[in-house]
Amino acid sequence: MAMMTVYLSHGLESGPGALKVQALKGVAEQLDNCEPVVMDYRGMKEPQERLEHLLAVIAERNDTLANCVMAGSSLGGWLSAAVSAHEPVLGCFLLAPALGLPDYPQTSITLQAQHTHIIHGWRDDVVPPGPVIEHARRQRLSLRMIDDDHRLHNSLDTILSDFEQFLERCL
């Protein structure tokens, strides 16, 4: 069975040591045939610059995107979706993804993933839920709306439980 690589992308103001990224990494490490790669975008402000960095790391590692899960929060969610728009991936696990924001390149991304799951907070005041719900509706993607804000910190147990089930489906 092929090794599945899970790329974990943090948000704009966040870093590789952030709570959600490290918690997701912990879930991925528990599974056989699953290798988490925590990305570090600190010092890169532009979404496009981060996307090019992520694609370069995937190329350097010689990973086949068909065996990769892209997981990310906020801007990291946008990056994960953007990679899948370039080339089909095994999975996209998106937390409060920055989809439909007017100042981002490629605002209406078409995800090409065998498995997709989005978790978004009803009270998100950074990335409005409306465009994300519309995006999920248009592509008929799995979407869990929860009573939380952009950081989703009150929903960590739900996120980790969903992530574990998601990775098992991908494997």
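The structure this text deals with has already been given above.
Residues numbered from 1 in each chain as written. Predicted model: local features only at pLDDT ≥ 70, side-chain atom pairs only at ≥ 80, totals over all residues. Heavy atoms only, no water.

1. Regarding helix α5 (residues 156-170)
Because each turn of an α-helix spans 3.6 residues, side chains separated by three or four positions in sequence point in the same direction. The end-to-end C-alpha separation of α5 is 21 Å, in line with the 21 Å expected for 15 residues at 1.5 Å each. Within the sequence span of α5, burial applies to L156, I159, D162, F163, F166, L167 and C170. For α5, the arc enclosing every buried residue in end-on projection is 135 degrees, short of the 170-degree limit, so these residues lie on one face. (Helix = DSSP H or I, 4+ residues; strand = E, 2+ residues; numbered from the N terminus. Expected span 1.5 Å × (residues − 1). Buried < 20%, exposed > 50% of the residue type's maximum accessible area, 1.4 Å probe, protein only. Arc of directions from axis to C-beta.)

2. With respect to the pattern of salt bridges
In this structure the tally under the stated criterion is seven salt bridges. Measuring nitrogen to oxygen at the nearest pair gives 3.0 Å for the salt bridge that ties D63 to R61. By relative accessible area, R61 is classed as partly exposed at 32%. In this structure, D147 and R123 form a salt bridge, with 2.7 Å as the shortest nitrogen-oxygen distance. One end of the pair, D147, is in the loop between β6 (142-146) and α5; the other, R123, is in the loop between β5 (113-121) and α4 (129-139), with 24 residues separating them in the sequence. For D147, a relative accessible area of 56% translates into the label exposed. Look at the salt bridges and you will find they share partners, linking E35, R61 and D63 into a network. (Salt bridge = Lys/Arg side-chain N within 4 Å of Asp/Glu carboxyl O.)

3. With respect to the sheet that holds strand β4 (residues 89-95)
What holds strands together in a sheet is hydrogen bonding between their backbones, with the strands either parallel or antiparallel. The six strands lie next to each other as β2-β1-β3-β4-β5-β6, forming an open sheet whose pairing is parallel. What marks the edges here is a single partner per strand, and that holds for β2 (34-38) and β6. Averaged over all pairs of adjacent strands, the angle between their axes in this sheet comes to 15 degrees, without regard to strand direction. The pairing of β4 with β5 spans six bridges and is parallel. Within the sheet, the bridge partner assigned to F93 lies in β5 and is H117. Along the sheet, helix α2 (residues 47-61) makes contact with β1 (4-9), β2 and β3 (68-73), crossing β1 at roughly 155 degrees. Lying on the sheet, α5 is in contact with β1, β2, β3, β4, β5 and β6; it crosses β4 at an angle near 175 degrees. (Pairing = 2+ DSSP bridges. Axes fitted to C-alpha atoms, helices over the stretch in contact; angles between N-to-C directions. Contact = heavy atoms within 4.5 Å.)

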